[in-house]
Amino acid sequence: MRFDRDLLLAAVVAAGQVGTEILLSPGLTALDYALLLGGTLVLALRRRFPVVVLAVTVACMLAYTVRMQPGAVATFPVLIAVYTTVRQGKHPAALAGVVLFLAGMFAFGHDAAAGLSPRSAIESRVLVVGWLVAAAVIGEATRAWSAYLEQVEQRAAEAERTREETALRRAGEERLRIARELHDSLTHSISIIKVQAGVAAHLARKRGEEVPASLTAIQEAGADAMRELRATLEVLRSDEGSGLEQVPELVNRARAAGLPAKVEVSGSPRPVPAEVDRAAYRIVQEALTNVSRHAGPASASVRIGYLPGEVIVQIDDDGAAVPDEGHQPGIGLTGMRERVTALGGRLRAEARPEGGFTVRAELPVVHS
């Protein structure tokens, strides 16, 4: 895009320079046209090769000045080249180009001023010097302004990054605080309820009495509540770095807890954005937890697929779920769907035709 603009600028300057010289200096030769076009069209490359462009422009316009004595008109292409060179911080090259051009013009451009009064000749040459100095000053001012804007953008980006880090740190501190509060307020009470129900059931058996169903229900509810609480505390205390690399370890823990499970990886594993990495891990974690709690005697398989532009996570089990049964999503599945939707992905959670349940998450991977 910038090259297109530079090419357009070079074409406009070339047309204006050649047109002006045709009007002011009739009888131009092929060499004169070559010098004019060479000193102007080269400006299309001014951003890529500023020093080279300045050298070519100065050489061509000086040669044209020696041949045709055009005066200040020959300065315009040089002004653009000097501005660009200073704009890109090439100050020594810009100074050398200005000095060389002025020296050549003053040394060989005397014929152009021969018909002028001394005052007019001096004013003409001072005007050329002023133009070149103004081009250099504008180039330096533009460079300084661009550097300032870049610095402001860097500071804004750093401030944004600092805010994000602070927010993450505070979120982590808040999770730990909630975990401590839950542990202190609930664990002790649930443990007492469970122990008391167990003692009551033991005494009933010892006396030869039938254990009331309510006590059994209390025991089971206490055990379930403890498992739920431990799982919640584990999530709250877990490291934010949990990701796809930890899935094999997660599957191993599930096997150790009595759930037959395996993991398969297809495609070429590669780093993915942190939010996708964490979401994929949590989906696998929640799906395996649901298999353990709700699928009955079952085994599970975890498949992770790395595809161009996305990561697919699929968890299948061969439990008791059947397609015809009405299925009401619980909090776990709702949380999965929210995670996937927030990342712009798709989630499918449903009973399989052959029996069991499947959870499939397609997570887009967009690298900055």
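Quick note: structure is the one above.
Predicted model, so just to flag it, every value in this text is computed and none were measured. (Residues numbered from 1 in each chain as written. Predicted model: local features only at pLDDT ≥ 70, side-chain atom pairs only at ≥ 80, totals over all residues. Heavy atoms only, no water.)

*Asks:* Describe the overall build of the protein chain, naming the residues involved and giving the relevant values.
*Replies:* Looking only at helices and strands, the protein chain has ten helices and five strands in total. In the protein chain, which comprises 368 residues, the proportion classed as buried is 36%. A separation threshold of at least 6 residues defines the contact pool for the protein chain, and within that pool the share at least 24 residues apart is 71%. With an accessible surface of roughly 21,300 Å², the protein chain has 61% of that area assigned to carbon and sulfur atoms. (Helix = DSSP H or I, 4+ residues; strand = E, 2+ residues; numbered from the N terminus. Buried < 20%, exposed > 50% of the residue type's maximum accessible area, 1.4 Å probe, protein only. Contact = heavy atoms within 4.5 Å. Areas by Shrake-Rupley, 256 points an atom, 1.4 Å probe, with all protein chains shown as cover.)

*Asks:* Pulling in residues and values, what's your account of the nonpolar core?
*Replies:* L244, V247, V284, L288, V302, V311 and I315 are the most contacted members of the largest nonpolar core, which totals 34 residues. Sorting the residues of this core by element identifies α8 (247-256), α9 (274-294), β2 (300-307), β3 (310-317), α10 (331-342) and β5 (357-364) as the ones contributing at least two each. Ranked by residues supplied to this core, first place goes to α9 with eight residues. Look past the residues within four positions of V247 in its chain and what remains in contact with it is V263, Y281, V284, V302 and I304. Of all hydrophobic cores here, the second largest spans 32 residues; its members include V78, A81, L102 and A135. (Core = buried A, V, L, I, M, F, W, Y, C linked by side-chain atoms within 4.5 Å.)

*Asks:* I'd love a proper account of the environment of W131, names of residues and values included.
*Replies:* Its location among the elements puts W131 in helix α6 (residues 118-206). Expressed as a C-alpha distance, the spacing of W131 and T75, which sit 56 residues apart in the sequence, is 8.3 Å. Beyond its immediate sequence surroundings of up to four residues, W131 is in contact with A72, T75, F76 and L79.

*Asks:* Any chance you could break down the packing of aromatic side chains for me, citing the residues and the numbers?
*Replies:* Under the definition given, this model contains two aromatic pairs. Both rings, one in F76 and one in W131, keep their centres 5.3 Å apart while their planes meet at 35°; by these two values the pair is tilted. On the criterion of sequence distance, the pair formed by F76 in helix α4 (residues 75-87) and W131 in helix α6 is long-range, its members being 55 residues apart. Judged by its relative accessible area of 41%, F76 falls in the partly exposed class. (Phe/Tyr/Trp six-rings, centres within 6.5 Å; stacked < 30°, edge-to-face > 60°.)

*Asks:* Please give an account of the sheet that holds strand β4 (residues 346-351) that cites residues and values.
*Replies:* Here we have five strands laid out as an open sheet, ordered β1-β2-β3-β5-β4, and mixed in their pairing. What marks the edges here is a single partner per strand, and that holds for β1 (261-266) and β4. The average undirected angle you get between the axes of adjacent strands in this sheet is 10°. Taken together, the six bridges between β4 and β5 define a ladder with antiparallel strand orientation. For A349, the partnering residue across the bridge sits in β5 and is V359. (Pairing = 2+ DSSP bridges. Axes fitted to C-alpha atoms, helices over the stretch in contact; angles between N-to-C directions.)

*Asks:* Mind laying out the pattern of salt bridges, listing which residues take part and the relevant values?
*Replies:* One pass over the structure, following the stated rule, counts 13 salt bridges. A salt bridge links D6 to R47, with the shortest nitrogen-to-oxygen separation between them at 2.9 Å. Here D6 is found in helix α1 (residues 2-24), whereas its partner R47 is found in the loop between α2 (30-41) and α3 (50-68), with 41 residues between them in sequence. Taking the relative accessible area as the measure of exposure, R47 reaches 32% and is therefore partly exposed. As a salt-bridge pair, R348 and E350 come within 2.9 Å of each other at their nearest N and O atoms. (Salt bridge = Lys/Arg side-chain N within 4 Å of Asp/Glu carboxyl O.)

*Asks:* Go over the packing of α8 against α9, please, and point to the residues and values.
*Replies:* Working note: a packed helix pair is described by the angle between its axes plus the distance between those axes. Two numbers describe how α8 lies on α9: the axes approach to 10 Å, and their chain directions differ by 10°. It follows that α8 is roughly parallel to α9 by the angle criterion. Here V247, L250, V251, R253 and A254 of α8 come into contact with α9, specifically with Y281, V284, Q285 and L288. Looking at the contact of α8 with α9 residue by residue, the classes come out as seven nonpolar, one polar and one charged. (Parallel < 35°, antiparallel > 145°, perpendicular 65-115°, else oblique. Nonpolar A, V, L, I, M, F, W, Y, C, P; charged D, E, K, R; others polar.)

*Asks:* Please provide a residue-by-residue account of helix α5 (residues 91-108), values included.
*Replies:* Between its terminal C-alpha atoms α5 stretches 26 Å, which fits the 26 Å expected from 18 residues at 1.5 Å a residue. Burial in α5 covers these residues: A94, G97, V98, F101, L102, G104 and M105. An end-on view of α5 places all buried positions within 165° of arc, on one side of the element. Looking at α5, the residues exposed on the side facing more than 90 degrees away from the buried face are P92, L95 and L100. (Expected span 1.5 Å × (residues − 1). Arc of directions from axis to C-beta.)

*Asks:* Describe the pairing of β2, naming the residues involved and giving the relevant values.
*Replies:* Across the eight residues of β2, six count as buried, placing the element largely inside the fold. Where β1 lies against β2, six bridges are found, and the strand directions are parallel. Pairing of E264 across the sheet is with R303, part of β2. Crossover handedness for the path β1 to α9 to β2: left-handed. As paired elements, β2 and β3 share eight bridges and run antiparallel to each other. Across the sheet, the residue bridging to I304 is V313, located in β3. Counting the residues between successive antiparallel strands, the hairpin from β2 to β3 contains two residues, one of them, G309, with a positive phi of roughly 90°. (Right-handed = clockwise from strand over helix to strand, strands pointing away.)

*Asks:* For α8, give the residues involved together with the corresponding values.
*Replies:* Inspection of α8 places V247, L250, V251 and A254 among the buried residues, and these make up the whole buried set. Along the axis of α8, the buried positions cluster into a sector of 100°, meaning they face one direction only. Where α8 is buried, its residues meet β1, α9 and β2.

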